[in-house]
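# Structural overview for review
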Amino acid sequence: MISPHRTFLYLCLFVFAPPFALAVDRLSIPLADPPQWKTLAKYQNTITRDEFERLLTGVYCTHGTSEELIRIDLAKACILMDHDAQTWFTLRFARHEPKRKSASRRKKGGVLSGLRIALDPGHIGGEWAKMEERWFKSGDALPVEEGEMTLRVAKMLAPKLRELGARVSFVRDKTEPVTPYRPNDFKETAREILKAGGNENPREEFDGPDDPLKDQTVRWQSEILFYRNSEIRQRARLVNSKLRPDVVLCLHFNAEAWGDERNPTLSDKNHLHLLVNGSYLPAELEFDDERFEMLQRLLSRVSEKEIAMADTVAPVLAKETGLPPYQYTTDNVIKVGTSGYVYARNLMATRLYRCPVVYFEPYVMNSNEVVARVQAGDYEGTRPINGVERPSIYREYVDGVVKGLVEYYRAARR
Ligand SMILES: [Zn+2]
């Protein structure tokens, strides 16, 4: 049987721009879709100046923004559309915050009745795991592969959410790419990117994962364009055009730097955090596509729901896992909510999916504890892990997410 998923991919081959489209100035990457400013017309007179400024300074442009890009007046904001043409989009403010529909009331059935939840297991896994740098193997232990672990969590999570009434879809349901393209399709684009960075005659191949200059090769750049850019952009098309969920849950496992994949550094650290979209860096706001996508998220008012959801789910997941909050040491994030576990950060998936998105980053995969728990696999009840009785890491992850969502929706859909 041809799954609807497959049919969609097949269509995409013909409908969407080829990967070798020429670089467009001021886009973050040649693969980016040019911004469609006309689609923002529906947001005229839907937000007050106070609320617009609150979301800019509190969530999206927490590092500030420039008058060259966004100008705020009494009755309107002007946002630069096109750097080269110097054309501006004018957003007229509402005088009063329009009354918005309260959260959909629960119909009969479970607490998640009628909700459309898309599960996005992070990365690709399988034969792509090493290329993605999401694979390591410590001595005789089984390899730890994030893309396989996230898919396992998604497959265990789906039936539990369905039992509670949700309509669950998968953004990826196997260890295969969603994008129809492969690294070799991006060689020309890779050369363009290297040329734009001043490298006119790049090497084709690199010498393994430890090559310090691998990022200056056509191979490495075309692989990044494949598994990071093309893959996530194709997932966004699937989410926005076909799945159209009420919320996307991006499922990941975190890690500390592990160095050599066959002799990884193991850590004693283990922690948890959840991400929502926001905190764009000034350099990111300079790109015409990212500035447009930021505004699209701000005006569609997804942040209120995704922050509230993440902030309710995080402490429940923290209690279930016993994990402390992760503290960022970089300044590309800002803490939001009050739980201490939720940060706003501008990731491609949280930016491009046009609905509330909660991005999970529990566990440090290369911690001694998680490596031991991955060896134990999935099992019922508890088993001793480094001397402590623990449930399977997958069941613990799933149970924390389910309990957290139940707590959020029980209050939100009362
Ligand atoms: Zn990940």
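Here, the structure is the one placed above.
Described below are features of the structure shown in this document.

So, how was this worked out
Residues numbered from 1 in each chain as written. Predicted model: local features only at pLDDT ≥ 70, side-chain atom pairs only at ≥ 80, totals over all residues. Heavy atoms only, no water. Helix = DSSP H or I, 4+ residues; strand = E, 2+ residues; numbered from the N terminus. Rg over C-alpha atoms; globule rule 2.2 N^0.38 Å. Buried < 20%, exposed > 50% of the residue type's maximum accessible area, 1.4 Å probe, protein only. Contact = heavy atoms within 4.5 Å. Areas by Shrake-Rupley, 256 points an atom, 1.4 Å probe, with all protein chains shown as cover. Donors = N, O, S within 2.8 Å, 3.2 Å for Na, K, Ca; no water. Pairing = 2+ DSSP bridges. Axes fitted to C-alpha atoms, helices over the stretch in contact; angles between N-to-C directions. Salt bridge = Lys/Arg side-chain N within 4 Å of Asp/Glu carboxyl O. Core = buried A, V, L, I, M, F, W, Y, C linked by side-chain atoms within 4.5 Å. Phe/Tyr/Trp six-rings, centres within 6.5 Å; stacked < 30°, edge-to-face > 60°. Lys NZ or Arg CZ within 6 Å of the ring centre and 35° of its normal. Parallel < 35°, antiparallel > 145°, perpendicular 65-115°, else oblique. Left-handed = near helix turned anticlockwise from the far one by under 90°.

### Looking at the overall build of the protein chain
- Helix and strand content of the protein chain: eleven helices and 14 strands.
- Computed over its C-alpha atoms, the radius of gyration of the protein chain comes to 22 Å, within 12% of the 22 Å expected for a compact globule of 414 residues.
- On the principal axes, the C-alpha backbone points of the protein chain span a range of 65 × 60 × 50 Å.
- Per-residue burial over the protein chain gives 52% buried out of 414 residues.
- In the protein chain, of all internal contacts separated by at least 6 residues, the share reaching a separation of at least 24 is 75%.
- Just so you have it, the protein chain exposes about 19600 Å², and 51% of that area is on carbon and sulfur atoms.

### Points about the coordination of the zinc ion
- Looking at the metal site, the zinc ion is ligated by His-123 (NE2), Glu-146 (OE) and His-252 (ND1), spaced 2.1 to 2.2 Å from it.
- Each donor residue of the zinc ion lies on the same chain, and together they follow the pattern H-x22-E-x105-H. In this pair, Glu-146 sits in helix H3 (residues 146–163) while His-252 sits in the loop between strand E8 (247–251) and strand E9 (272–276), placing the two residues 106 residues apart along the sequence.
- Note on Glu-146: relative accessible area 2%, which makes it buried.
- Judged by its relative accessible area of 6%, His-252 is buried.

### Describing the sheet that holds strand E7 (residues 167–170)
- If you trace the seven strands from one edge of the open sheet to the other, you get E7-E4-E8-E12-E9-E11-E10, paired in mixed fashion. Each edge of the sheet is formed by a strand with only one pairing partner; in this case those strands are E7 and strand E10 (333–335). When the angles between neighbouring strand axes are averaged without regard to direction, this sheet yields 25 degrees.
- As defined by bridge partners, strand E4 (residues 116–121) adjoins E7 across four bridges and the pair is classed as parallel. Bridging from a neighbouring strand, Ile-117 pairs with Val-168 of E7.
- Across the sheet, helix H5 (residues 218–243) lies against E4, E7 and E8, angled at about 165 degrees from E4, the strand it touches most.

### Here's the deal with the pairing of strand E3 (residues 87–92)
- Examined bridge by bridge, strand E2 (residues 76–82) and E3 share six bridges and lie antiparallel to one another. Bridging from a neighbouring strand, Asp-82 pairs with Thr-87 of E3.

### As for the pattern of salt bridges
- What the rule picks out here adds up to 29 salt bridges.
- Put simply, Arg-191 and Glu-204 hold a salt bridge, and the shortest N to O gap is 2.7 Å. Here Arg-191, found in helix H4 (residues 187–196), pairs with Glu-204, found in the loop between H4 and H5; they are 13 residues apart in sequence, far enough to count as distant.
- Here the residues in one salt-bridge network are Glu-369, Arg-373, Arg-390 and Glu-396, joined through shared partners.

### A closer look at the nonpolar core
- Of all hydrophobic cores here, the largest spans 79 residues; its most connected members are Phe-52, Leu-119, Leu-161, Leu-249, Leu-274 and Phe-360.
- It is helix H11 (residues 393–412) that contributes the most residues to this core, ten residues altogether.
- By size, the runner-up hydrophobic cluster in this structure holds 22 residues, among which are Ala-236, Leu-243, Tyr-326 and Ala-349.

### Some details on the packing of aromatic side chains
- Taken as a whole and judged by the stated rule, the model has 13 aromatic pairs.
- Note on Tyr-181 and Phe-186: the rings are 6.0 Å apart at their centroids and 75 degrees apart in plane angle, and the pair reads as edge-to-face.
- On the basis of relative accessible area, Phe-186 is assigned to the buried category, the value being 0%.
- Relative to Tyr-343, the ring of Tyr-328 has its centre 4.7 Å away and its plane inclined at 65 degrees; by these criteria the two rings are edge-to-face. Note that Tyr-328 is positioned in the loop between helix H8 (302–321) and E10 and Tyr-343 in strand E11 (residues 342–345), a separation of 15 residues in sequence. The same class applies to Tyr-328 as to Tyr-343, namely buried.
- Cluster of aromatic residues (ring-pair linked, three or more members): Trp-37, Phe-89 and Phe-292.
- Across the ring face of Trp-135, the terminal group of Lys-130 is positioned such that the distance to the ring centre comes to 4.4 Å.
- Against the face of Tyr-394 rests Arg-152, its NZ or CZ located 4.4 Å from the ring centre.

### As for the packing of H8 against H11
- Contact geometry for H8 and H11: axes closest at 8 Å, N-to-C directions at 135 degrees. The angle between the axes of H8 and H11 places the two elements in the oblique class. Relative to H11, the crossing made by H8 is right-handed. Of H11, the residues touching H8 (which contributes Lys-305, Ala-308, Met-309, Thr-312, Val-313, Val-316, Leu-317, Glu-320 and Thr-321) are Glu-396, Tyr-397, Asp-399, Gly-400, Val-401, Lys-403, Gly-404, Leu-405, Glu-407, Tyr-408 and Tyr-409.

### Notes on the sheet that holds strand E1 (residues 70–72)
- Read across the sheet, three strands follow the order E1-E2-E3 without closing on themselves; strand pairing throughout is antiparallel. Taken across any chain shown, the strands that pair with only one partner, and hence form the sheet edges, are E1 and E3. Going across the sheet, the axis of each strand differs from the next one's by a mean of 20 degrees, ignoring polarity.
- The strands that helix H2 (residues 49–60) touches are E1, E2 and E3; relative to E1, the one it contacts most, it runs at about 145 degrees.

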